Amino acid sequence: MFSNNVKTKALYRSRFFLISAFVFISASLFSQYDFNDRCQDTYREILNFRFDEASNLLQTESEQHPDNLIPVCLENYIDFFTLFTGEDRVVFETLKRNKSIRINHLESGDKDSPYYRFCLAGVNLQWAFIRLKFGEYTTAAFEIRRAYLLLKENKERFPDFLPNEIGLGILHIIVGLIPDQYKWLASLAGLEGTVTEGVLELKNVLNYSDDNPVYSLFKPDACFYLAFIDINLENNRDESLSLIRMFDQDPILQHYSQSPLIIYAKSSIFMKTGKNDEVITLLSSYTPPSGTHPFIFLNYLEGLARLNNLDTSAITYLNRFVNEFTGINYIKSCYQKLAWAYLLKGDTTRYFQEIQKAGAMGNAIVDEDKQAHSEYNVGIIPAIPLLKSRLLFDGGYYSEALIMLLSTPLDRYVRSRKDLTEYTYRLGRIYHASGNLPKAIQYYSSTITNGRNLPHYFAANAALNLGWIYEGQENYIAADTNYRLCASMKYDEYENSLRQKAKAGLSRLKKIGD
């Protein structure tokens, strides 16, 4: 009896210890990925560009919960935004050592948690995008592949883990834009996906309406990415503007109304949809809250917006950008815009001074900088009516842009085949934006005839716009022909963005065909 009682007590003790150990281990594993209230607040501070406050919160969280790995991911977000918007190479060389430290830390986590692969993929993907900025393409390619495989496996193991859709959406869009002749490289790397697939994944996150606060936290990311996809790839003006309304009306997104990141997104949407006055109003009235990390690029945007209105006060904002920005992109473009502003003032001497800087300063990586460098190489002052028409069109002032072209005799400013091609191209763009599609088709077709063998972007963009028109009319054969024509042309300006848009068009047509 006594012996049996002892055995029973011993059995209970062993079970108690096993249960206690299980609870302890489970709690420890859970605590590794605790996206608690403080971490959620930190994420909001990061998206609001209040990096110092975010860092203070992370310090407190790390002290109180040293096993929590979510702060490791959030620290990387701060580095990402600092480098991606600032483009400072010295800072990049200092911070990039953090990547391996964080990866090693995250790899100690619980492999059975959906956050394990999600966090590792996020760090890899963020550093890949940063490296692309600084020309480290090979390392970036490996990091993209690593991120994709991690997210793909995570999707298979945890199909209902919504945050996964952010990274997968971005990667599927990137893979979908790879030209057909290089698809084999993507397949070799194990990458697959389409633009349409990626957009749907991002919309899944944006439209989330249940009660998981962590899932809701990622809505601003999805909204931000979709804004740029719509304006740069999908040519969907109404949907882009609907995102503006969502920024303003969604209770979750309203937490970021003063974030320079959201101000940038809204300004870009307004600019790409011809609402230039709204850009000027938004940026001129925006004062970053105290403690907000500077986003110097907003000065460049305000300079562009004022220039689109033929307002030479743009010089102030453009100079502020080139004087304060320590990065590598949009420097050439900014000097080109300064040259144009002085040309509008009739100062050809300053035009040549600034366009010389466009040739000597910055890098020719992004399309806008390549186009600015091309103008420097040509060495010819732009025809004033064509320049003014371009700027007015970019600002959405279509009637004024048309009057500018038609009110001046052609022999006053059409001096070459390039000028003639630009003339028909500008008319095509204006009539297209104004809804006169027969005239737009007429002038786009003339542009392709006149300019398909020139090194300028006019014919390629005319073909792209014809593709959009025919796609809207459900003439999918003609749309396909023009998208392929755009993608196949050889030219020196805006090549990357135009081919990406053509590729996105072909992806949409393929989905319709399927």
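Residues numbered from 1 in each chain as written. Predicted model: local features only at pLDDT ≥ 70, side-chain atom pairs only at ≥ 80, totals over all residues. Heavy atoms only, no water.

Participant: So what's going on with the packing of aromatic side chains? Which residues, and what values?
Facilitator: This model, assessed by the stated rule, comprises 37 aromatic pairs. Residues Phe49 and Phe81 carry aromatic rings whose centres are separated by 5.5 Å and whose planes lie at 50° to one another, so their mutual orientation is tilted. Pair noted here: Phe49 is in the loop between helix H2 (37–47) and helix H3 (51–64) and Phe81 is in helix H4 (residues 70–86), with a separation of 32 residues, a long-range link. The buried category is assigned to Phe49, whose relative accessible area is 0%. A ring pair is formed by Tyr425 and Phe458, whose centres lie 5.3 Å apart and whose planes are at 45°; its orientation type is tilted. Separated by 33 residues along the polypeptide, Tyr425 in helix H24 (residues 417–433) and Phe458 in helix H26 (residues 458–472) bring together distant segments of the chain. Tyr425 gets classed as buried once you look at its relative accessible area, which sits at 1%. (Phe/Tyr/Trp six-rings, centres within 6.5 Å; stacked < 30°, edge-to-face > 60°. Helix = DSSP H or I, 4+ residues; strand = E, 2+ residues; numbered from the N terminus. Buried < 20%, exposed > 50% of the residue type's maximum accessible area, 1.4 Å probe, protein only.)

Participant: Can you break down the packing of H4 against helix H6 (residues 98–106) residue by residue, with the values?
Facilitator: Packed helices, taken two at a time, are described by their axes: the angle between them and the distance between them. Packing of H4 against H6 brings their axes to within 10 Å, and their N-to-C directions diverge by 160°. Between H4 and H6, the angle falls in the class roughly antiparallel. The hand of the H4/H6 crossing is left-handed. Across the interface between the two elements, Val72, Cys73, Glu75, Asn76 and Asp79 from H4 touch Asn98, Arg102, His105 and Leu106 from H6. Its residues placed into classes, the contact of H4 with H6 shows three nonpolar, three polar and three charged. (Axes fitted to C-alpha atoms, helices over the stretch in contact; angles between N-to-C directions. Parallel < 35°, antiparallel > 145°, perpendicular 65-115°, else oblique. Left-handed = near helix turned anticlockwise from the far one by under 90°. Contact = heavy atoms within 4.5 Å. Nonpolar A, V, L, I, M, F, W, Y, C, P; charged D, E, K, R; others polar.)

Participant: Provide a residue-level description of the side chain of Asn76, including the pertinent values.
Facilitator: Counting through the fold element by element, Asn76 comes out in helix H4. A polar contact of 2.9 Å, which involves the side chain of Asn76, links it to the side chain of Arg102. (Polar contact = N/O pair within 3.5 Å; in protein donor to acceptor, adjacent residues only side chain to side chain.)

Participant: Describe the confidence of the model for the protein, and please don't skip the residues or the numbers.
Facilitator: Detailed conclusions should not be drawn from predicted coordinates in areas where pLDDT is low. Scored by pLDDT, the protein comes out at a mean of 89, with 90% of its residues at no less than 70. When pLDDT is averaged over each element of the protein, helix H19 (residues 331–344) comes out on top at 98 and helix H1 (residues 2–31) at the bottom at 39. Across residues 1–30, where pLDDT falls below 50, the model places one contact with residues more than four positions away in sequence or in other chains. (pLDDT = per-residue confidence, 0-100.)

Participant: Go over unusual backbone geometry with me, naming the residues and quoting the values.
Facilitator: For residues other than glycine, phi is negative in most cases, and the peptide bonds are mostly trans. Phi at Phe49 takes a positive value of approximately 65°, unusual for a residue other than glycine. Not every positive phi belongs to a glycine, and Glu474 is a case in point at roughly 65°. Here Glu474 shows up in the loop between H26 and helix H27 (476–488). Among the residues examined, Glu474 registers a relative accessible area of 59% and is labelled exposed.

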